[in-house]
Amino acid sequence: LWSFASIGHLSDGTSLVFRLVLVVHVAIGAAWVGVLWPLARLAAPSGDAEAAVTLAEKFGRTAAGAVPVLLLAGGALSVSLLSGIEAIWSDYGQLLFMKLVAVAALLALAVANKLRFVPAMRRGSPAGFSGLRRTILLEACAFVIVLSMTAALTTLTSPPI
């Protein structure tokens, strides 16, 4: 995790605090990505339905506290890297906006899981399990977009001065 804070936009002259904020941001994102595959496997027809419900509910409770931290950290990092409101029209700002759109899609999918599919799973509804698997696939696609935008932000452009 520390390697993300040691290279890229935050490596030169950025305070230790912002580097630690980046580490927290990346750690929470990695934990979110990391739970997708095991949860999808448990929610499969051949999986362990009770374990899927337990994991989904536990992840939902954890995410309720972690996602706001992820968003605050990302927001703080974005504000620190943008030189002003006019920076949103730069190449960097446009890529950052595309990343934010993908993050908004992730949040919408997470809300659908928490409010619709996991309660349906708790009731034993097959539609809850299939809905969760479908949204996990979409979340994985959104994460690929988020990571692609992040790679572009850190390699193809730089924050406006």
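In case you missed it, the structure is sitting above this.
Since the model is a prediction, treat every value here as computed from it, not as a measurement.

**Quick word on the overall build of the protein chain**
- The number of helices and strands found in the protein chain is 5 helices and 0 strands.
- Put simply, the protein chain runs from its N terminus to its C terminus through helices and strands in the order α-α-α-α-α.
- In terms of its C-alpha atoms, the protein chain occupies a principal-axis envelope of roughly 55 × 30 × 20 Å.
- A sequence separation of at least 24 residues applies to 68% of the contacts in the protein chain between residues at least 6 apart.
- Entry remark: accessible area of the protein chain is about 9100 Å², with carbon and sulfur atoms responsible for 73%.
- Between the centroid of the 11 positive side chains of the protein chain and the centroid of its 7 negative side chains there is a distance of 11 Å.

**Describing the nonpolar core**
- Core analysis: the largest hydrophobic core is formed by 24 residues, its most contacted members being Trp32, Leu106, Met121, Phe129, Leu132 and Ile136.
- Breaking this core down by element, the ones donating at least two residues are helix H2 (16–43), helix H3 (49–81), helix H4 (91–122) and helix H5 (126–155).
- Ignoring sequence-local partners within four residues, the contact set of Phe129 consists of Ala43, Ala49, Ala52, Val53 and Met121.
- Of all hydrophobic cores here, the second largest spans 9 residues; its members include Leu81, Leu82, Tyr92 and Met149.

**Notes on a nonpolar patch on the surface**
- On the surface, a cluster of nonpolar side chains totalling about 300 Å² of accessible area is made up of Trp2, Leu16 and Leu20.
- Positionally, Leu20 belongs in helix H2.

**What about H3?**
- Taking the largest bend as the criterion, H3 deviates by roughly 40°, centred on Ala63.
- Inspection of H3 places Ala52, Val53, Ala56, Gly60, Ala63, Val67, Leu70, Ala73, Gly74, Leu77, Ser78 and Leu81 among the buried residues, and these make up the whole buried set.
- In this structure, the buried side of H3 is in contact with H2, H4 and H5.

**Re the side chain of Glu139**
- Relative to the helices and strands, Glu139 resides in helix H5.
- Arg134 provides the closest opposite charge to the buried, salt-bridge-free Glu139, at an N-O distance of 11 Å.
- In this structure the side chain of Glu139 is engaged in a polar contact, spanning 2.8 Å, whose partner is the side chain of Trp32.
- Ignoring sequence-local partners within four residues, the contact set of Glu139 consists of Trp32, Leu36, Leu106, Leu109 and Asn113.

**Structural notes on the packing of H2 against H3**
- At their nearest, the axes of H2 and H3 sit 8 Å apart, and the two run at 155° to each other. The orientation of H2 relative to H3 falls into the category roughly antiparallel. When you trace H2 past H3, the crossing you get is left-handed.

**Overview of the pattern of salt bridges**
- Following the criterion strictly, the structure yields 2 salt bridges and no others.
- For Arg122, the salt bridge goes to Glu50, with nearest N and O atoms at 3.4 Å. Remark: Glu50 occurs in helix H3 and Arg122 occurs in helix H4; sequence separation between them is 72 residues.
- Arg122 is the partner of Glu57 in a salt bridge, and the nearest nitrogen-oxygen pair spans 2.7 Å. Remark: Arg122 occurs in helix H4 and Glu57 occurs in helix H3; sequence separation between them is 65 residues.
- Glu57 sits in the partly exposed class, given a relative accessible area of 23%.
- Looking at Arg122, the relative accessible area reads 42%, which means it is partly exposed.
- A cluster of three or more residues bridged by salt bridges with shared partners is formed by Glu50, Glu57 and Arg122.

Rules of the game
Residues numbered from 1 in each chain as written. Predicted model: local features only at pLDDT ≥ 70, side-chain atom pairs only at ≥ 80, totals over all residues. Heavy atoms only, no water. Helix = DSSP H or I, 4+ residues; strand = E, 2+ residues; numbered from the N terminus. Contact = heavy atoms within 4.5 Å. Areas by Shrake-Rupley, 256 points an atom, 1.4 Å probe, with all protein chains shown as cover. Lys, Arg positive; Asp, Glu negative; His and termini not counted. Charge placed at Lys NZ, Arg CZ, Asp CG, Glu CD. Core = buried A, V, L, I, M, F, W, Y, C linked by side-chain atoms within 4.5 Å. Buried < 20%, exposed > 50% of the residue type's maximum accessible area, 1.4 Å probe, protein only. Patch = residues over 30% accessible without salt bridge, like charges linked within 9 Å, V, L, I, M, F, W, Y side chains within 5 Å. Salt bridge = Lys/Arg side-chain N within 4 Å of Asp/Glu carboxyl O. Bend = angle between axes of the 7 residues up to and from the residue. Polar contact = N/O pair within 3.5 Å; in protein donor to acceptor, adjacent residues only side chain to side chain. Axes fitted to C-alpha atoms, helices over the stretch in contact; angles between N-to-C directions. Parallel < 35°, antiparallel > 145°, perpendicular 65-115°, else oblique. Left-handed = near helix turned anticlockwise from the far one by under 90°.

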